[in-house]
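# Understanding the architecture of this molecule
Chain by chain, the residues:
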Amino acid sequence: MKKVLGFGAALVDMLAQVDDAWIQKVKLQKGGQCSVNYPTLKKIMDQVENPQRVPGGAACNTMVGVAKLGGKASFISKVGRDELGELFAKHLAESGVENRMLSSLTATGTVLSAVTPDAERTMVTFLGASNEVVASEITSELFDNVGILYLEGYRAYGEECFVKTVQEARKRGVMTALDFGAFGVVNDCRPLFNKLFAGRELDIVIANEDEAKAYTGESEEAALEKIAKFCKIAVVKLGKRGALISKDGVVTRIPCGPAKAVDTTGAGDLWASGFLYGILSGWDMERSGKLGSIVSNEVVQVVGAKIPEEGWARIREEMKHV
């Protein structure tokens, strides 16, 4: 099996349990995401107690999932020469993900995930060193034995580097997959996405319902139909109602897992890991989507995006029957 190369932000998640009053006090939009500078992040972090530190970032979480499923995964981003950068490298090694990380004097990126009792997460992000990858650092050899390039939507803010990465992948015959990441990304980076879609340079596009609506102005199947015009495989995730997948004009509806969500952090990232593993394995859309649902069903039962080993054991057992 070829590997998946993930390109995204290298971030250490700071997970904190908060209430709605805290969200209002800090003046955040519940369920939203905002990017801040380091002093602002520190000011907000000073108002939470004992956050749990978990290395992550959307694309990294997906690569960890691919590796845990038994696939091959590689990850490229940039971290600082600091304690959190060392923590990140250790995380990749322990997860079985090939480390293609670059280093910087800037601090390692950090994201506060504030989780309310209803399992909604509100994120405050300092991109730090991960925002400094430049086009010249994306070389052809990165794509050796790569079957799918998985792009995190936030990388589109660096247009030159993002386009270079897509172009290098296509030169090597690598499938390109984009996860929009957030409706704010869709709104901010629409001109770039329009250009890439017009050239049919993205083979797989994954969006949740809010992101799909932000891009198309439509919901569910209507949004899926519009996105599918620009790529080979389109996905619209519907949260606890599952997901829709379109390929070759055929729409497949994937049910959600039965678990009651404790925290939705990483649910979309881990869904993608199962889905991409299935595609690289030559599975059809239904089987690939079901594996995505099985993996995301496990991660919503824990706080954060790290599935414990007993969870992965259950996933591997269920894989036998997909």
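An unreviewed UniProt entry annotates the protein chain as Sugar/nucleoside kinase (Ribokinase family) of Hallerella succinigenes. According to the UniProt record, the Sequence similarities (unreviewed entry) comment for the protein chain is "Belongs to the carbohydrate kinase PfkB family."

## Quick word on the packing of helix α10 (residues 267-280) against helix α11 (residues 285-299)
One way to put it is that α10 packs onto α11 with a least axis distance of 7 Å and a crossing angle of 145°. Crossing angle aside, the handedness with which α10 passes α11 is right-handed. Contact with α10, carried on its side by Ala 267, Leu 270, Trp 271, Ser 273, Gly 274, Phe 275, Tyr 277, Gly 278 and Ile 279, involves Met 285, Ser 288, Gly 289, Leu 291, Gly 292, Ser 293, Val 295, Ser 296 and Val 299 of α11 and no other residues of that element.

## Notes on the pattern of salt bridges
Two side chains bearing opposite charge may form a pair once their charged atoms approach each other closely. Applying the stated criterion across every chain, the model contains 22 salt bridges. A salt bridge links Lys 30 to Asp 20; its shortest N-O distance comes to 3.0 Å. Pair noted here: Lys 30 is in the loop between α1 (20-26) and β3 (33-35) and Asp 20 is in helix α1, with a separation of 10 residues, a long-range link. Look at Asp 20 and you get partly exposed, because its relative accessible area is 38%. The closest approach of N and O atoms between Lys 30 and Asp 118, which form a salt bridge, is 2.7 Å.

## Considerations on the packing of aromatic side chains
Per the counting criterion, the structure on display carries 11 aromatic pairs. Each ring, one from Tyr 277 and one from Trp 283, has its centre 5.8 Å from the other, and the planes form 80°; the classification is edge-to-face. Of the two residues examined, Tyr 277 and Trp 283, each falls in the buried class. Put simply, the rings of Phe 180, Phe 193, Phe 197, Tyr 215 and Phe 230 pair up and form one aromatic cluster. Positioned above the aromatic ring of Trp 283, the side-chain terminus of Arg 287 is 3.9 Å from the ring centre.

## Side note on the nonpolar core
In terms of nonpolar packing, the biggest core is built from 49 residues, with Trp 22, Phe 75, Phe 88, Tyr 150 and Phe 275 touching the most fellow members. It is helix α3 (residues 58-68) that provides the largest number of residues to this core, a total of 6 residues. In terms of nonpolar packing, the next biggest core, distinct from the first, is built from 41 residues, Ile 76, Ala 156, Phe 162 and Leu 238 among them.

## A look at the UniProt feature "domain: Carbohydrate kinase PfkB" (unreviewed entry) in the protein chain
Within the UniProt annotation, "domain: Carbohydrate kinase PfkB" (unreviewed entry) is assigned to residues 43-308. The span residues 43-308 carries 38% helix and 24% strand; its end-to-end C-alpha distance comes to 31 Å.

## Considering the sheet that holds strand β10 (residues 121-126)
Spatial strand order, β3-β10-β9-β2-β4: 5 strands in an open sheet with mixed pairing. Only two strands of the sheet have a single neighbouring strand rather than two, namely β3 and β4 (52-56). Strand-to-strand twist across the sheet, computed as the mean angle between neighbouring axes with direction ignored, equals 20°. When β3 meets β10, the two strands line up parallel, connected through 3 bridges. In the sheet register, Cys 34 faces β10, and the bridge partner there is Val 124. On top of the sheet, helix α4 (residues 83-95) reaches β2 (11-17), β4 and β9 (109-115); it is set at about 65° to β4, its chief contact.

## Here's the deal with the sheet that holds strand β16 (residues 250-254)
Across the sheet, which stays open at both edges, the 9 strands sit in the order β7-β5-β1-β11-β12-β13-β14-β15-β16 with mixed pairing between neighbours. Two strands close off the open sheet at either side, each with one partner strand: β7 (98-99) and β16. With 2 bridges connecting them, strand β5 (residues 72-76) and β7 associate as parallel partners. Of the residues in β7, the one forming a bridge with Ser 74 is Glu 98.

## Side note on the environment of Ala 58
Within the element layout of this structure, Ala 58 appears in helix α3. Put simply, Ala 58 and Arg 100 are 42 residues apart on the chain and 16 Å apart in space, counted from C-alpha to C-alpha. Not counting residues up to four positions away in its chain, the partners in contact with Ala 58 are Glu 152 and Asp 269.

Conventions and cut-offs
- Residues numbered from 1 in each chain as written.
- Predicted model: local features only at pLDDT ≥ 70, side-chain atom pairs only at ≥ 80, totals over all residues.
- Heavy atoms only, no water.
- UniProt positions renumbered as here; feature names shortened; annotations may be inferred.
- Axes fitted to C-alpha atoms, helices over the stretch in contact; angles between N-to-C directions.
- Helix = DSSP H or I, 4+ residues; strand = E, 2+ residues; numbered from the N terminus.
- Left-handed = near helix turned anticlockwise from the far one by under 90°.
- Contact = heavy atoms within 4.5 Å.
- Salt bridge = Lys/Arg side-chain N within 4 Å of Asp/Glu carboxyl O.
- Buried < 20%, exposed > 50% of the residue type's maximum accessible area, 1.4 Å probe, protein only.
- Phe/Tyr/Trp six-rings, centres within 6.5 Å; stacked < 30°, edge-to-face > 60°.
- Lys NZ or Arg CZ within 6 Å of the ring centre and 35° of its normal.
- Core = buried A, V, L, I, M, F, W, Y, C linked by side-chain atoms within 4.5 Å.
- Pairing = 2+ DSSP bridges.

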